[in-house]
Amino acid sequence: MAKTQTVSFKLNGKDVATTVEPRELLIHTLREKLMHTGPHIGCETSHCGACTVDLDGKSVKSCTVLTVQCDGADMLTVEGLEQGGTLHAVQQAFHEAHGLQCGFCTPGMMTRAYRLLKENPNPTEQEIRYAIAGNLCRCTGYQNIVKAVQSAAKKLAAVPA
Amino acid sequence: MITAPFDYHAPRSVPDAIKLLSTLGDDAKLLAGGHSLLPMMKLRFAAPAHLIDLGKIAELRGIAQVGNEIHIGAMTTEHELVNSRLLAEKVPLLVEGAGLIADPQVRYKGTIGGDISHGDPGNDHPALMLALDASFVLSGAKGERVVKADGYFLGLYSTLLEPGEILTQIRVPVPAPGSGAAYQKLKRKTGDFATAATAVLMQVKGGKVAKVSIALTNAGATALRAREAEAALTGKAINDASLNEAARLAMAICEPMADLRGDADYKRAMCGEMTRRALQVAYERAAKA
């Protein structure tokens, strides 16, 4: 067996450390060791985006990142969007605009929308669709997802985070 | 989907990475963005005993103009290419091409150097590099060498990169003022490889093609330069006849593999169509430039 390594990073604002084999995928560490089951395992082949997390300001598919690559990283999962019992504007918007049906893709979709709106606070519909192209909704509920992201953009513009 | 076990190394400098690569030898693979290698390792198509992660080497990132060239660190991500103001101004073909690669999450991780070194004819940078007449800096224990993109791609997953060498930098000549370029890519869906794609860089003088380079993605074992098509167009105006002839000559060098994207005839026809469209768009852009 390969040598295990201790990896430390910031997860939703808290320092965490975990010991992993180099081959352990980030999604497995998050779900099975750190009990963050928001990010989902959909395809495990970097197609579906259900495992999307925010890693050092980038949306990544945590099924295609090794945990050992994350030493010193700053990570945000869907669990970190809510602050002090208040839903993030993206979460509120998904709730109000019915931006989910079965909900499986929702954590990845919202984490991706969070990063999109940081980079482009006022995206066009076309820009939203291009930006969420790496997140598949198996219910095909894209219309309301796009509306939710548009609504979240308006909420964030009204009250700067 | 778990890979075979391996040891992980994260060098902080190019010399350290080269040293590791020399010491660990054939059992080691370089890890760039990981979006080709890790999927292959999960499927156990690859099972290196050591992974050398280039992700912590700051000197391998960045885009800068040096003289009449743009120098791009091999670990620069597709996301960084897409959002580079310098590239948008000087080499918009690269911005257009990178924006058509995979999806946003993959573009945050995927790197230009990894895309080129992997030697997959379905990757997009090889054809872009051929069209742009780029050069690659290969660094090894014996020092650096600079090789042309044209001639670098030897076959399926095979390039001029020797064991012990790392592709460290990509050098792209700034296209002449008044050039037009285009990358036209047909894909079944976001994230898929090209069914067919064509990169074109063109200079136009007096309404005629003064110089053109044409390169094809996923049309054979490597990206292909369509030289006969280039020669046939040079000195000609762009019209239906000249476009059809260029497309015919590009199709003639295609040897696509039949797969779920289509049979060989279909892919060849789509290569012709992408070539026609890329030439048309590049011409229009050159006229406006």
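Residues numbered from 1 in each chain as written. Chains lettered and ligands numbered in written order. Predicted model: local features only at pLDDT ≥ 70, side-chain atom pairs only at ≥ 80, totals over all residues. Heavy atoms only, no water.

### As for the overall build of chain B
Inclusion rule: In this text, helices come from DSSP runs of H or I with a minimum length of four residues, and strands from runs of E with a minimum of two, each type numbered from the N-terminal end. Two things to know: the radius of gyration comes from C-alpha atoms, and the globule rule equals 2.2 Å times the number of residues to the power 0.38. Classification of residues uses two cut-offs on accessible area relative to the type maximum, computed with a 1.4 Å probe and protein chains only: under 20% is buried, over 50% is exposed, and between them is partly exposed. Note on charges: Lys and Arg go in the positive column, Asp and Glu in the negative column, and His and the chain ends are not counted at all. Note that the charge is assigned to NZ on lysines, CZ on arginines, CG on aspartates and CD on glutamates.
Per the secondary structure count, chain B includes 11 helices and 14 strands. In summary, chain B has a C-alpha radius of gyration of 19 Å against a globular reference of 19 Å for 289 residues, a match within 12%. C-alpha atoms of chain B, sized along the principal axes, occupy 60 × 45 × 30 Å. Within chain B, the proportion of its 289 residues that are buried is 55%. In chain B, 33 positive and 31 negative side-chain charges are present, and the distance between their average locations comes to 4 Å.

### Looking at the sheet that holds strand 2 (residues 28-31) of chain B
Residue and element names in this part refer to chain B. As a reminder of what qualifies: Two strands are said to pair when DSSP picks up at least two bridges between them. To obtain each axis, a line is fitted to C-alpha atoms, and for helices this fit is confined to the stretch in contact; angles are then taken between N-to-C directions over 0 to 180 degrees. What makes two residues a contact is simply this: any of their non-hydrogen atoms within 4.5 Å.
Strand order in the open sheet made by the 3 strands is 1-3-2, with parallel pairing throughout. Edge positions in the open sheet fall to strand 1 (7-9) and strand 2, since each of these has one partner strand only. The mean angle between the axes of side-by-side strands here comes to 25°, regardless of whether they run parallel or antiparallel. Here 3 bridges tie strand 1 to strand 3 (residues 50-53), and the two strands are oriented parallel to one another. Note on strand 3: the bridge partner recorded for His9 is Ile52. Sheet strands touched by helix 1 (residues 14-24): strand 1, strand 2 and strand 3. Its angle to strand 3, the strand with the most contacts, is close to 170°.

### Focus: the nonpolar core
So the rule is basically this: As used here, the term nonpolar core means buried Ala, Val, Leu, Ile, Met, Phe, Trp, Tyr and Cys residues forming a set that is joined through side-chain atoms within 4.5 Å.
Grouped together as the largest cluster of nonpolar side chains are 37 residues, with contacts concentrated most on B:Ile72, B:Leu94, B:Ile116, B:Met129, B:Phe136 and B:Ile170. Looking at this core, the elements that each hand over two or more residues are strand 5 (69-73), helix 5 (92-99), helix 7 (112-117), helix 8 (125-132), strand 6 (135-140), strand 10 (166-173), strand 11 (179-186) and strand 12 (196-205) of chain B. Sorting elements by how many residues they give to this core places helix 8 of chain B first, with 6 residues. Ignoring any residue separated from it by four or fewer positions in sequence, one finds B:Leu94 in contact with B:Ile72, B:Leu87, B:His125, B:Leu128, B:Met129, B:Leu132 and B:Val172. Within the second largest apolar cluster, 29 residues are counted, among which are A:Phe9, A:Leu55, A:Val65 and A:Met75.

### Considering helix 8 of chain B
Because an α-helix packs 3.6 residues into every turn, residues spaced three or four apart end up facing the same way. For helix 8 of chain B, the tally of buried residues reaches 8 of 8 residues, placing the bulk of the element in the interior. A positive backbone phi angle near 55° is found at B:Asp133, which sits one or two residues after helix 8 of chain B.

### Some details on the side chain of B:Lys267
All names here are of chain B. Position of Lys267 among the secondary structure elements: in helix 11 (residues 264-288). Since its relative accessible area comes to 3%, Lys267 is described here as buried. Dropping the residues within four chain positions of it, Lys267 is found in contact with Thr195, Ala196, Pro256, Met257, Asp259, Arg261 and Gly262.

### Side note on the side chain of B:Glu230
Here B:Glu230 is to be found in helix 9 (residues 227-233). Setting aside anything within four residues of it in sequence, one finds B:Glu230 in contact with B:Val212, B:Ser213, B:Ile214 and B:Arg225.

### Focus: the environment of A:Met109
The residue A:Met109 is located in helix 3 (residues 106-119) in this model. Along the sequence, A:Met109 and A:Cys137 sit 28 residues apart, while their C-alpha atoms lie 8.5 Å from each other.

### What about the pairing of strand 4 (residues 58-61) of chain A?
Every regular strand shows the same layout, with side chains that alternate between the two sheet faces. Residue and element names in this part refer to chain A. Inspection of the sheet shows strand 3 (residues 52-55) paired to strand 4 by 4 bridges, in the antiparallel sense. Counted as the bridge partner of Thr52 is Lys61 from strand 4. Counting the residues between successive antiparallel strands, the hairpin from strand 3 to strand 4 contains 2 residues, one of them, Asp56, with a positive phi of roughly 50°.

### Focus on the pattern of salt bridges
Residue and element names in this part refer to chain B. Applicable threshold: Definition used for salt bridges: Asp or Glu carboxyl oxygen within 4 Å of a side-chain nitrogen of Lys or Arg.
Applying the stated criterion across every chain, the model contains 24 salt bridges over all chains. One salt bridge in this structure joins Arg225 and Asp150, with 2.9 Å as the shortest N-O distance. Within this pair, whereas Arg225 is found in strand 14 (residues 224-225), its partner Asp150 is found in the loop between strand 7 (143-148) and strand 8 (153-155), the two being separated by 75 residues in sequence. The exposure class of Arg225 is partly exposed, given its relative accessible area of 24%.

### Description of the interface of chain A and chain B
What counts is decided by this rule: Between N or O atoms, a polar contact is any pair within 3.5 Å; within protein, one atom must be a potential hydrogen donor and the other a potential acceptor, and residues adjacent in sequence are included only when both atoms are from side chains.
Every contact between the two is made by 33 residues of chain A and, on the other side, 30 residues of chain B. At the junction of chain A and chain B, the tally comes to 1 salt bridge. Notably, a salt bridge pairs B:Asp103 with A:Lys61, separated by 2.6 Å at the nearest N-O pair. For the pair chain A and chain B, the interface holds 13 residue pairs in polar contact (both at pLDDT 80 or more). Of the residues forming the side of chain A that touches chain B, the biggest block, 4 residues, is contributed by strand 4 of chain A.

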